[in-house]
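# Topology and contacts: notes
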Amino acid sequence: MATEWFYGAAGTQAGPHSEEEIRNLISSGTISRETLVWHQGMNDWTAAGKIQQFFGETKPSPQSSSASANPANPYAVSEASVSGATSAPHSFENYPHFPVKRANFTLHLVVALALPIIATILMVVAVVKAGPTDPAGKLPEEEAMAVGFSFMTAMGLFYVGLIAASVIGYIHLYRAFYCLQPGGCRTTPGKAVGFLFIPFFNLYWLFVAYKGLADDWNRIMDSYADLRSAPRFEGWPFLTYPITLIVFYPVAPIFYLMCHYYICKGINFMAERSEVAPAS
């Protein structure tokens, strides 16, 4: 069976690719000597320039044999794939610097609260206007159609707000787990978000994606000297949100927004940190 290669691109893994495809990517400039590559059987991601069949024989790095968190899984984002470093997680040295986009909690709050609230008000107004205005208890046909259209529009706006808020929340959750990959957290960003779409299993995964995130975040922030100023996540909202979402949904959005307030603070700390990264 031909070897299937993967390479790091913008903090994620691309592949699988055949050896010939990798050579073509090298020729096109997509993959450089510094690009990290991996195939099943390798101990860790390695710079392409150190792979003999791609760039000729070079002297191996003394750190190139350090084991990754899960060498059998090409989609497990290792420290090397995120930052270009090959030091093992939990080394209690400086945490790697890597680019990450900022999170906008204000936008999340507006979409999650303002749109549904406005839509609810419009629906109430439509229902009130639909009250009887003549002895027969019927609205004129044109007015009834206008009220019905207003009600359906408001309902659509309500669901658009909920869906948009959920999408923003998934993006923020993905970025938070992405920030933790060099420290060795419990899952990858893709799994953290993707498993929330699995029926029934997602009831369990909510606790992994939220309470697990808070636990891993605080542990990793405490493990590196240069992360001591990082914001910490209060654990109780991250535990309360999954419970209320399952047991009593109406109050769940309150704890959901509390969780994402902390998540956005953490992401923005990492984003600011990457912007002032020391020159290599």
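Residues numbered from 1 in each chain as written. Predicted model: local features only at pLDDT ≥ 70, side-chain atom pairs only at ≥ 80, totals over all residues. Heavy atoms only, no water.

## Describing unusual backbone geometry
Negative phi values dominate among residues other than glycine, just as trans dominates among peptide bonds. Test applied: The helix count covers DSSP runs of H or I at least four residues long, the strand count covers runs of E at least two residues long, and both are numbered beginning at the N terminus. Here the term buried applies to any residue with accessible area under 20% of the maximum for its type, exposed to any over 50%, and partly exposed to those in between, with areas from a 1.4 Å probe on protein chains only.
If you check the backbone angles, F200 has positive phi at about 70° while not being a glycine. Its location among the elements puts F200 in the loop between α6 (189-194) and α7 (201-209). Of the residues examined, F200 reaches a relative accessible area of 72% and is grouped as exposed.

## A word on the packing of aromatic side chains
Keep this limit in mind: Each Phe, Tyr or Trp ring, with Trp reduced to its six-membered ring, pairs with another whose centre is within 6.5 Å; inter-plane angles below 30 degrees give stacked pairs, above 60 give edge-to-face pairs, and intermediate values give tilted ones.
Counted under the stated rule, the structure contains 19 aromatic pairs. Judged by centre distance (6.2 Å) and plane angle (80°), the ring pair of W236 and F255 falls under edge-to-face. With W236 in helix α9 (residues 235-247) and F255 in helix α10 (residues 252-275), this residue pair connects regions lying 19 residues apart in the sequence. Take F255: its relative accessible area is 17%, and that puts it in the buried class. Cluster of aromatic residues (ring-pair linked, three or more members): F105, W217, F233, F238, Y261 and Y262.

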